[in-house]
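As a plain string of letters, each chain reads:
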Amino acid sequence: MAPSNPLANWERLGDSFYRKVPIYNAIFDEDVELENYIVAGAPYGGALALHRDDTKPYRFRDAQTAKSSIGIYSSSGKLINRLNWEHGTIRGLGWSDKEELLVITEDGTVRRYFGLYGDFTSFSLGNGAEEYGVRACRFWTSGFVALLSNNQLVAVSNYDEPRPKLLAHCPEGEVSSWSLIPPAFTLSRSVEVLLAVDKTVYLVDPTEAEDKVLQNGPFKHASVSPTGRFIALITAEGKVWVVSSDFQSKYSEYDPESRVTPRTVDWCGDDAVVIAWEDEVHLIGPNGVAARYYYDGIVHVVPEFDGVRLITHDTCEFLHKVTDVTEAIFRLGSTSPASVLLDSIDLLEKKSPKADENIQRIRSSLPEAVDICVRAAGHEFDAYWQKRLLKAASFGKSVLDLYNSDDFVEMTEKLRVLKAVRDYQIGLPISYDQYMRLTPEKLIERLVNRHEYLLAIKISEYLQIPADRIYVHWASQKVKVSTVDDEAVCKLIVQRLDGKPGISFELIAQAAYDEGRANLATQLLNHEPRAGKQVPLLLNMEEDEIALDKAIESGDNDLVNYVLLRLKSKLPLASFFRMINTRPMASALVETTARGDDTELLKDLYYQDDRPIDGSNVLLSEALSQTELPSKTEKLHLASRLLVDSKDATVVLQQKLLSEASQLLKVQEALDKDIADRSEFVGLSLNETIYRLIRSGYGKRAQKLQSEFKMPDKTYWWLRLRALVAKRDWGELEEIGRNKKSPIGWEPFYNEILGAGNTNSLRFRPQMHQFTGRRQGGNVGEMWNDRESRGGSLQSQGLQYPGAPPDESFGTSCR
């Protein structure tokens, strides 16, 4: 095949050149009447959405044509999918930059399609859309604006979290045309809408509608340039104006010499305007210079940020500005070093010595010439000229002593990828600039969305990009379309993905579960090595026991706690306890967590496990923390009841102590009412209560308490001795001293009395004789002196009296 002329289809517009590059031929089948369809194209050479225009008459109508549908085609005319449509009149058809199809109906329902094969989510515009109806929509890369029949504008700025927002109130009148400025190019960082009403244009944002005070309306078309800097308007006389986005400057005016209003007005890059009728296209450059293109049938214009795609029934063409590097090489009469370097290839192939002469002539500029040839190769669609330019660059860099070949190598990789995706069977006519902005990763995503898995994997391996998402997407689709049994599908997927790094079986299992194949999802999850990925899905699948076992096997306490919290929130308490009873780790975590956060759950757990002592201890702790006496008593009573039926000696003892504590509280409450002006007894231990009663002069009540609680005599005598000494009741002590029987002996009396500083008030001859072994008749003073001479009291020497209570109070206490 003879090489094409590199200057073919070049058109000069002012100081720049534009060219129309044919990409595909004979693209649509004969039964596709393109003139009767609304066509919306995805950016970056993306898919085309075709929907039958209901206002156009049908040539013939059968059962097939009677069904409304949206056809998804590649730019080469290959049918990717057909979406049946029976959901109302379509008022908006557009694409996001992720190649997601957006369909907006008249009642304000929005469908967002994923992956070109029918998966979607939907939401409603609200804000009066259902009442007034949607009239039209305009899209940008991540959102759209809907114009309602009452001239109100509803904006959606994020497809992931759609929150339809009503813009400022719009003026009444007939809207002849409208367009929008994306948020990225506005000072307010929110979308702004140009609304042509009557003879002027309003700039509408979320807060106000500003009148730009124009007089040449009604404007039949308005279109904003890709960078938001310029606006193209079609006046009432049919002229094309190009003005600044603030309407302060007018840059050019063009008269198309036709009173028929163009169907579309779009931008070719940021420097030229494309207006299109049914079969005619005008490309308008700066200063009103234009080029005209004619077609045999209808032409649809799909704008890109660096040009436009022209879609007809038979061809797909890319109209764009010729880059500076391409112009420097191919322009007629060019003498640039890069052009000379390219000419040298022809001479080199003819073995002409002039090739070397050319190289020597441009040697000082040779590195620059090589770089320009490399960059120019990227902007060519014709493989012949790509190879010629790269060959010229290779020849030039071979002459240089030092040259970094990284750009050259990278360009060859990019061109191989571009050639693969531009193939007719794939139909992605992406330009070099679009590829650089889209990134290889997102290009691979587009191939995956088309189910071109083999090519996607080859490109990933070639560019050394992880391919795990491709394999997961393939497996998920296999799950959806497979009709064989679950075990066969699982075996096939596991075999194909064996040894592939980074594979997430959790995503594949989720796809199986979404398809209603829970058994297959469970089988797939068994191959997921990360428990943190298995467990959430198992819980969603109601596989609670498997999820808990997987979490326990992982040894991750946080993951186990997560499962336990989920199970506790959805299961009856009895079922929850039955599930954890056979799993010690889970039971221990529940107990540990409940001990600090949920004592009610802890009590239920101890009750279910038949652990009365632990349950009683929880109630005892609650009793100690209570400030109100009735609550404290009730908790103690409940704690005691838990231990009633036990035969264990330890449990019986604890139950007895709890009963005594409850009984003591009641006694203390009565004492506070009878003999205290304020709460002096509640909360004291039994020892402290008796000690305080004796010191306050209520010896009989103290003795009654001793009897009721069966306090040992030794303990009671110690408390009585110390209380009387503290009270300085020497008379009572003398009365006690006349009793020849003391369960604690008489030495404590002498020590306590002497310790209180009294050396003369007691005469205990018989008792003193027992203590000292001396003759009767000695006195306390003599004993004091004798003890001092022997080195102090027994207590000061660290000795302990038999039966003496410790320094700290002991006994039943509820403090």
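Quick caveat, the model's predicted, so the values are computed rather than measured.

1. Here's the deal with helix H18 (residues 557–570)
One turn of the α-helix equals 3.6 residues, which is why residues spaced by three or four share an orientation.
Okay, step 1: If you check H18, its first and last C-alpha atoms are 20 Å apart, about what 14 residues at 1.5 Å a residue would give, namely 20 Å.
Okay, step 2: The distance from a side-chain oxygen at the start of H18 to the backbone nitrogen of Asp-558 is 3.0 Å, and the residue carrying that oxygen is Asp-556.

2. Side note on the sheet that holds strand E27 (residues 300–304)
Okay, step 1: Ordered in space as E1-E2-E29-E28-E27, the five strands form an open sheet in which the pairing is antiparallel. Because the sheet does not close on itself, it has two edges, and the strands there are strand E1 (10–13) and E27. Taken over all neighbouring pairs, the strand axes of this sheet differ in orientation by 25° on average, direction set aside.
Okay, step 2: When E1 meets strand E2 (residues 16–25), the two strands line up antiparallel, connected through four bridges. By the bridge assignment, Arg-12 is partnered in E2 with Phe-17.

3. Looking at the pattern of salt bridges
Okay, step 1: Applying the stated rule across the entire model yields 34 salt bridges.
Okay, step 2: One salt bridge in this structure joins Arg-450 and Glu-99, with 2.7 Å as the shortest N-O distance. Of this pair, Arg-450 sits in the loop between helix H10 (440–449) and helix H11 (453–463) while Glu-99 sits in the loop between strand E7 (90–95) and strand E8 (101–105), placing them 351 residues apart in sequence. Exposure class is identical for Arg-450 and Glu-99. Each is buried.
Okay, step 3: It is possible to trace a salt-bridge network through shared partners that takes in Lys-98, Glu-100, Arg-112 and Asp-160.

4. Description of the packing of aromatic side chains
In this description, an aromatic ring pair is defined by two values, namely the gap between the centres and the angle between the planes.
Okay, step 1: Throughout the structure, instances matching the rule amount to 14 aromatic pairs.
Okay, step 2: An angle of 85° between the planes, with centres 5.0 Å apart, marks the rings of Tyr-384 and Trp-385 as edge-to-face.
Okay, step 3: One aromatic cluster is present, formed by Phe-139, Phe-144 and Tyr-159 through successive ring pairs.
Okay, step 4: Of note, Arg-111 hangs over the ring of Phe-120, and the distance from its end group to the ring centre comes to 3.9 Å.
Okay, step 5: The ring of Phe-305 has Arg-437 sitting right over it, with the charged end atom 3.7 Å from the ring centre.

Reading the values: rules and limits
Along every chain, residues carry numbers that run from 1 in the direction the sequence is written. Residues qualify for local features only when their pLDDT is at least 70, as the model is predicted, and side-chain atom pairs are given and counted only at 80 or more; totals for whole chains, interfaces and linings, by contrast, use all residues. Note: side-chain values were computed over all heavy atoms of the structure, leaving out hydrogens and water. Runs of E in the DSSP output that reach at least two residues are strands. Runs of H or I that reach at least four are helices, and both are numbered from the N terminus. In this scheme, a helix's expected span is set at 1.5 Å multiplied by one less than its residue total. N or O atoms closer than or at 3.5 Å make up a polar contact, with two conditions inside protein: a donor-capable atom paired with an acceptor-capable one, and, for residues adjacent in sequence, both atoms drawn from side chains. When DSSP locates at least two bridges between a pair of strands, those strands are taken to pair. Whenever a helix is involved, its axis is fitted only over the stretch in contact; in every case the axis is a line through C-alpha atoms, and angles between N-to-C directions fall within 0 to 180 degrees. What makes a salt bridge here is a side-chain nitrogen of Lys or Arg within 4 Å of a carboxyl oxygen of Asp or Glu, nothing more. Accessibility here uses a 1.4 Å probe with only protein chains present; expressed as a share of the type maximum, an area under 20% marks a residue as buried, one over 50% as exposed, and anything in between as partly exposed. Two rings from Phe, Tyr or Trp (for Trp, the six-membered ring) form a pair when their centres are within 6.5 Å of each other. A pair whose planes differ by under 30 degrees is stacked, one over 60 is edge-to-face, and the rest are tilted. Only Lys NZ and Arg CZ are tested; either one counts as a charge over a ring when it is within 6 Å of the ring centre and within 35 degrees of the ring normal.

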